[in-house]
Amino acid sequence: MEPITHFLTGACMSRAGLNRKTGLATLTLVLAAEGPDIDAVSYFGGGVSGLQHHRGFTHSLMGAPFIGAIAIGVVYGIYRLLLKNGRQTKLPPNWKLLYAYAVLGSLTHVLLDFTNNYGVRLFAPFNLRWYSWDIAFIIEPVILGVLIVGLVLPGLFSLVTEEIGARKTQFRGRGGAIFAVVCFAVVLFVRDFEHRKAVNALKAITYHDEDPIRVSAFPTAINPFVWNGVVETRDFFESVVVNSNAGEIDPQQNAVVRYKPEETPLTLAAKNSRLGRVFLDWAQYPFVEADRLSEGGGYTVQFIDLRFASNSARGRKSILSGTVVLDSKLNVVEMYMGERPASH
């Protein structure tokens, strides 16, 4: 998910009671909850490098102890600066417990990223297979809302109690944070339930007289009952919109059919490129299209993953699509993700 949800999740976990055990709990959990995204530096090497390395080891079960150690190192540095400036924490820090919190915060990041359809490599570096739950969108307004409410409302309530002279407590906001975490879990439960209904609806029918080989339903923003369905048959892929609340779909309405293209030396050359190998390793429903360039005698081969095909506007490539440019001898000339770089 996006960074704000990760930060707020760490803050809510701390306020739910963990901050009563040791000083610096909130800082540790907030930093560790966003820590796995340190691998975003791979995007400085370009889109292909980012796709290859993002959500790898730092987003795995094995990576959590290492991310926790990095987070603790940063927290310790901040703590030393506080002491140098004559400031102390309300509670003394318990570093062993804080390390456990840091690992826990890192694991929440992995879990939340696992819920959406981009996926994570849970068992890297020993197994680089991608796993995804496919139940939550990368930005979930309902989840963001309950996390914000859980953190903000207790603060407003405390201002009111102070105005009327009520006793001020050292730790505030526990009830609101617990409420937010429980609501978060309920939202994921509902999403999972609706996802299963959508998948069952996709399995229940035939498509142009062909039985589905496999089906998937992917989340959309805002509405938890609307899913982007992808169906694979022997001869084609079909993208449909599924309403899990109704429990049925009309494959003739808002459907896009893509017939499986034949494999050619052109597509094989593109698939053997670095972009092709990385993309095909990550994509669940890869679809490869080749076109001849109007000048120069070369070719372009576009890679799309049907999980995200509907996310791109008409006439504009998704940032999660890839393009390989080949010359007339099928040598790789250029590779890029999304739109062609402006310098070309």
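Quick caveat: nothing in here was measured; it's all calculated off a predicted structure.

1. Things to note about the nonpolar core
Core analysis: the largest hydrophobic core is formed by 20 residues, its most contacted members being Leu51, Tyr118, Leu275, Phe279, Trp282, Val301 and Phe303. Residue assignment for this core shows that the elements contributing at least two residues are helix 3 (47–53), helix 8 (265–271), helix 9 (274–282), strand 6 (299–305) and strand 7 (322–326). In terms of residues, this core owes the most to one element, helix 9, which gives four residues.

2. Observations regarding the sheet that holds strand 8 (residues 332–337)
The strands making up a sheet associate through backbone hydrogen bonding, with each pair oriented either parallel or antiparallel. The sheet built from four strands is open, its strands ordered 5-6-7-8 with antiparallel pairing. Only two strands of the sheet have a single neighbouring strand rather than two, namely strand 5 (286–292) and strand 8. Strand-to-strand twist across the sheet, computed as the mean angle between neighbouring axes with direction ignored, equals 15°. Each of strand 5, strand 6, strand 7 and strand 8 is contacted by helix 9, which is oriented at about 20° to strand 6, the strand it contacts most.

3. Digging into the sheet that holds strand 3 (residues 236–243)
Sheet architecture is open: four strands sit in the order 1-2-3-4, paired in antiparallel fashion. Where the open sheet ends on each side, the last strands, each with one partner, are strand 1 (214–219) and strand 4 (256–259). Along the sheet, successive strands turn relative to each other by an average axial angle of 20°, direction set aside. Where strand 2 (residues 226–232) and strand 3 come together, seven bridges link them in antiparallel fashion. Bridged to Trp227 within strand 3 is Val242. Relative to the sheet, helix 7 (residues 174–203) contacts strand 1, strand 2 and strand 3, its axis offset from that of strand 1 by approximately 145°.

4. Some words on the pairing of strand 8
Pairing of strand 7 with strand 8, which is carried by five bridges, proceeds in the antiparallel orientation. Residue pairing for strand 8: Thr323 is matched across the bridge by Tyr336. Taking the residues that link successive antiparallel strands as the turn, the strand 7-strand 8 hairpin has five residues, and the phi of Leu330 there is positive, at about 65°.

5. Observations concerning the confidence of the model for the chain
This prediction gives the chain a mean pLDDT of 89; 89% of its residues lie at or above 70. Here residues 156–167 is a poorly scored stretch, pLDDT under 50, and it has four contacts once near neighbours within four places are set aside; other chains count. Contacts of residues 311–315 to residues separated by more than four positions or lying in other chains number three contacts, the stretch itself having pLDDT below 50.

Rules used in this analysis
Residues numbered from 1 in each chain as written. Predicted model: local features only at pLDDT ≥ 70, side-chain atom pairs only at ≥ 80, totals over all residues. Heavy atoms only, no water. Core = buried A, V, L, I, M, F, W, Y, C linked by side-chain atoms within 4.5 Å. Buried < 20%, exposed > 50% of the residue type's maximum accessible area, 1.4 Å probe, protein only. Helix = DSSP H or I, 4+ residues; strand = E, 2+ residues; numbered from the N terminus. Pairing = 2+ DSSP bridges. Axes fitted to C-alpha atoms, helices over the stretch in contact; angles between N-to-C directions. Contact = heavy atoms within 4.5 Å. pLDDT = per-residue confidence, 0-100.

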